[in-house]
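Read off the chains here:
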Amino acid sequence: MTIGTAGHAEVPLDALAEAGGCAWNGPGAEAAARALVVGILTAAERQRPGTPGVTGLLAHDLADRLLPGLPPDFSALTTAEDLDHAVRRGEEHLLAHARHRHDAQEAGSEPPLATPEGKDEKPSPGTLVLLAEPDAAHSGRLTALAARATHGNLVVLTLGDLPGAASWHVAADGTVSRDKESGDRSSGLRLFHLTPQAGRDVLDVLLTAHDERPRPRMVPGARAPAHLPQDADSEDAAEQEPEDDPPAVRAEPVGPVKPREPGPAKPVRLNVLGPVTLYAHPNPEPVGLGLRDEVREFLALLAAHPAGLIADDIARHLRLSEDSDQSAKELKNLRRAVRRALRSATGHSKAEFIQLHGELHKLHPGLIETDLATFTQTLQRAATATDEAGRLSALRLAADLYHGPFAHGGDYPWCDSIRESLASKAADAVAHIAHHAEHTGTRQDADSALALLEKAISLSPTHELLYQHAIRLHQAAGRHDTARRTFTLLTRHLNELGLEPDPATRSLLTARSRSVHSA
């Protein structure tokens, strides 16, 4: 298995077998990690029906961001519930290798016997690639695991800095640069990298090859899933539905979105904080994986405007045809695509998931819930909380809900300002939590705040206020080396934009340095 090229030669996975692990940073780190995960899957395909020599392990949240729709255990990849479980699985993998060596020694160091099918009776556990995003709560265990990793057994790779790990800065085109003290082993290395759409395309092919595409939940009498038509006037478009478009319903008063009352989960969950992803209750796997990008953009647009948008505004945002008749046809196609996918996935064969109030389009509030609405409502609850405990609880929930930029991976010109606004709100929530931890919180509050800061910094790598909080919290805990590395990370990200850290940030380290010398 290879991870990139250097000169005119491909670079094997062994290049990641760094003592203490390998840490990727920079604008191309996530795309390179996506390519690595896909590489593990495709390498396993070449070895079928044999056992793959390289397997991958990553936490659910990271897997969901890199390859939305990846089943929990698929081919050579396993997703853990969280980083704690991922580290535990890595430790178990090392134990499995130790047991394998012990068994081989007891057998007289003879090679394992082969079965008639060509498989080993006692095959080696192979190489496990543990891909993780380190946080304050698990950094110590992850560092210890990386220190115990050996060539051919375990590769620990992190997106973000890890103490003791070799630091690789990955540019947007996959080019790797390293600190001078790390040597020139990766000189000229350019990692393979994949866009989110390319990753989804490869995963779709692999799922189909394994017949493991998530199956929509059906009820007796419901239609089988249909492929989305390219043309609304084609024969496929004339499916047996009660009506082509539902009649407009009487307009309802439009006002602020009210917080959801406790009750049963709605049939559909639309996530737009991160990649646009659909879920049908109670299926934990994403649905609608075959939706075209323009349909996902349509859903994201409506999620961003819960009060609704008129047809002309939708056409303008989605860059539909300037011809009114053609634009109306394209918009009808989008509504039909959503209707087909969600009716098939939920089994609600007559439900209208997009309401029409004349020309006004909106997501049906009784059928679809969005993480954006929950995020917004949670921030409103924090703003109106009468006590600090209630405010902090709401802010922590909001920070947990923010899994990435709005409609991540979509090149939608209309959503730039929305992305910036939501990213700022999420960062402000984490900054408030960190401020509390600095001044009145406990050690547990500080660790929790640092974990949120690590996540927030990975999503907003140039938000300097977050780094300031992280530096102060690390210094208060006596982790001065980590505080300096945090400042170095900020400097690196700002330098990529031709900027320098604010003097106030630099003074946090210089003030500490003066106090040490004076002591």
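This text follows the structure it describes.
In every chain, residue numbers begin from 1 and rise along the written sequence. Residues qualify for local features only when their pLDDT is at least 70, as the model is predicted, and side-chain atom pairs are given and counted only at 80 or more; totals for whole chains, interfaces and linings, by contrast, use all residues. Neither water nor hydrogens contribute to the side-chain values; these are computed over all heavy atoms in the structure.

Asker: Could you give me a rundown of the environment of I40, with the residues and numbers involved?
Answerer: A run of DSSP states H or I qualifies as a helix once it reaches four residues; a run of E qualifies as a strand once it reaches two. Both are numbered from the N-terminal end. With respect to the helices and strands, I40 occurs in helix α1 (residues 29-47). Classification of I40 as buried rests on a relative accessible area of 3%. Excluding its chain neighbours within four sequence positions, the residues that come into contact with I40 are M1, V54, T55, G56, A76, L77 and V129. Between buried and exposed lies partly exposed: a residue is buried under 20% and exposed over 50% of the maximum accessible area for its type, with that area taken using a 1.4 Å probe on protein chains only. By the convention used here, residues are in contact when the closest approach between their heavy atoms is within 4.5 Å.

Asker: A description of the sheet that holds strand β15 (residues 309-310) should follow, citing residues and the corresponding values.
Answerer: An order of β15-β17-β16 is seen for the 3 strands of this open sheet, with the pairing classed as antiparallel. Looking along the sheet, the strands with just one partner apiece sit at the ends: β15 and β16 (354-357). In the packing of helix α6 (residues 293-304) onto the sheet, the strands contacted are β15, β16 and β17 (360-363), and the crossing angle to β17 comes to about 90°. DSSP calls a pair of strands paired once it identifies at least 2 bridges connecting them. Axis definition: a line fit to C-alpha positions, over the contact stretch in the case of helices; interaxial angles, taken between N-to-C directions, run 0 to 180 degrees.

Asker: With reference to specific residues and values, describe empty space enclosed by the protein.
Answerer: The definitions used throughout rest on a 1 Å grid laid over the protein atoms alone, on which a cavity is an enclosed set of points accommodating a 1.4 Å probe that cannot get out and a pocket is an open set flanked by protein within 12 Å on both sides along at least five of seven lines; lining residues are those having an atom within 4 Å of a point. Grid points are joined across faces, edges and corners, and a volume is the space filled by probe spheres set on the points. As enumerated under the stated definition, the model contains 6 cavities of 30 Å³ or more in all. Lining the largest cavity are A399, Y402, A423, A426, A427, V430, L452, K455, A456, L459, S460 and L466. For the lining of the largest cavity, the elements supplying multiple residues, two or more each, are α11 (416-439) and α12 (443-459). Classification used: nonpolar for Ala, Val, Leu, Ile, Met, Phe, Trp, Tyr, Cys and Pro, charged for Asp, Glu, Lys and Arg, polar for all others including Gly. Across the lining of the largest cavity, the residue classes break down as 10 nonpolar, 1 polar and 1 charged. Within this model, the second largest cavity holds a volume of roughly 70 Å³. Within the lining of the second largest cavity, the residues separate by chemical class into 4 nonpolar, 3 polar and 3 charged.

Asker: Before we move on, can you summarise the pairing of strand β2 (residues 9-12) with the specific residues and values?
Answerer: Looking down a regular strand, the side chains alternate between one sheet face and the other. Examined bridge by bridge, strand β1 (residues 2-6) and β2 share 4 bridges and lie antiparallel to one another. Along β2, the bridge assignment pairs T5 with E10. Counting the residues between successive antiparallel strands, the hairpin from β1 to β2 contains 2 residues, one of them, G7, with a positive phi of roughly 70°.

Asker: For the sheet that holds strand β12 (residues 268-271), give the residues involved together with the corresponding values.
Answerer: Picture the strands of a sheet paired through backbone hydrogen bonds; they go either parallel or antiparallel. With mixed pairing, 4 strands are arranged side by side in an open sheet as β14-β13-β12-β18. With partners counted over all chains shown, the strands left at the sheet margins are β14 (286-287) and β18 (368-370), one partner each. Pairing of strand β13 (residues 277-280) with β14 involves 2 bridges; the strand directions are antiparallel. Bridge assignment links Y279 to a residue of β14, and that residue is P286. Across the sheet, helix α8 (residues 324-346) lies against β12, β13, β14 and β18, angled at about 35° from β13, the strand it touches most.

Asker: So what about the packing of aromatic side chains? Which residues, and what values?
Answerer: Here is the rule: rings of Phe, Tyr and Trp (six-membered ring for Trp) pair when centre to centre is within 6.5 Å. Planes less than 30 degrees apart are stacked, more than 60 are edge-to-face, and the remainder are tilted. Under the definition given, this model contains 4 aromatic pairs. With 6.3 Å between their ring centres and 25° between their planes, W24 and W168 make a pair best called stacked. Taken together, the positions of W24 in strand β3 (residues 22-25) and W168 in strand β9 (residues 166-170) put the pair 144 residues apart, joining distant regions of the chain. A centroid spacing of 5.9 Å and a plane angle of 75° characterise the contact between F406 and W414, whose relative ring orientation is edge-to-face. According to the relative accessible area criterion, W414 is buried, its value standing at 12%.

Asker: Give a detailed account of a negative patch on the surface, specifying residues and quantitative values.
Answerer: Among the surface-exposed residues, D293, D411, D416 and E420 lie close enough to one another that they form a single negatively charged patch. Mapping D416 onto the fold places it in helix α11. Exposure above 30% relative accessible area and the lack of any salt bridge qualify a residue for a patch; like charges then connect within 9 Å, and the nonpolar side chains Val, Leu, Ile, Met, Phe, Trp and Tyr within 5 Å. Using a 1.4 Å probe, the Shrake-Rupley method yields the accessible areas, and only the shown protein chains count as cover for residues. The working definition used for a salt bridge is a side-chain nitrogen of Lys or Arg within 4 Å of a carboxyl oxygen of Asp or Glu. In this count, Lys and Arg are taken as positive residues and Asp and Glu as negative ones, while His and the chain termini are left out. The atom standing in for a charge is NZ when the residue is Lys, CZ when it is Arg, CG when it is Asp and CD when it is Glu.

Asker: With reference to specific residues and values, describe the pairing of strand β6 (residues 77-80).
Answerer: Here β6 shows no split at all, with L77 and T79 on one side and T78 and A80 on the other all buried. Note that strand β4 (residues 54-59) and β6 share 4 bridges and pair parallel. Looking at the pairing, L57 lines up with T78 of β6.

Asker: Before we move on, could you go through the pattern of salt bridges and cite the residues and values that matter?
Answerer: Per the stated rule, a full pass over the model turns up 18 salt bridges. With a shortest N-O distance of 3.6 Å, R34 and E30 are connected by a salt bridge. Pair noted here: R34 and E30 are both in helix α1, with a separation of 4 residues, about one helical turn. A salt bridge links E438 to R472; its shortest N-O distance comes to 2.7 Å. Of the two residues, E438 sits in helix α11 while R472 sits in helix α13 (residues 464-476), which places them 34 residues apart along the sequence. Connected through salt bridges with shared partners, the residues E30, R34, R65 and E133 form a single ionic network.

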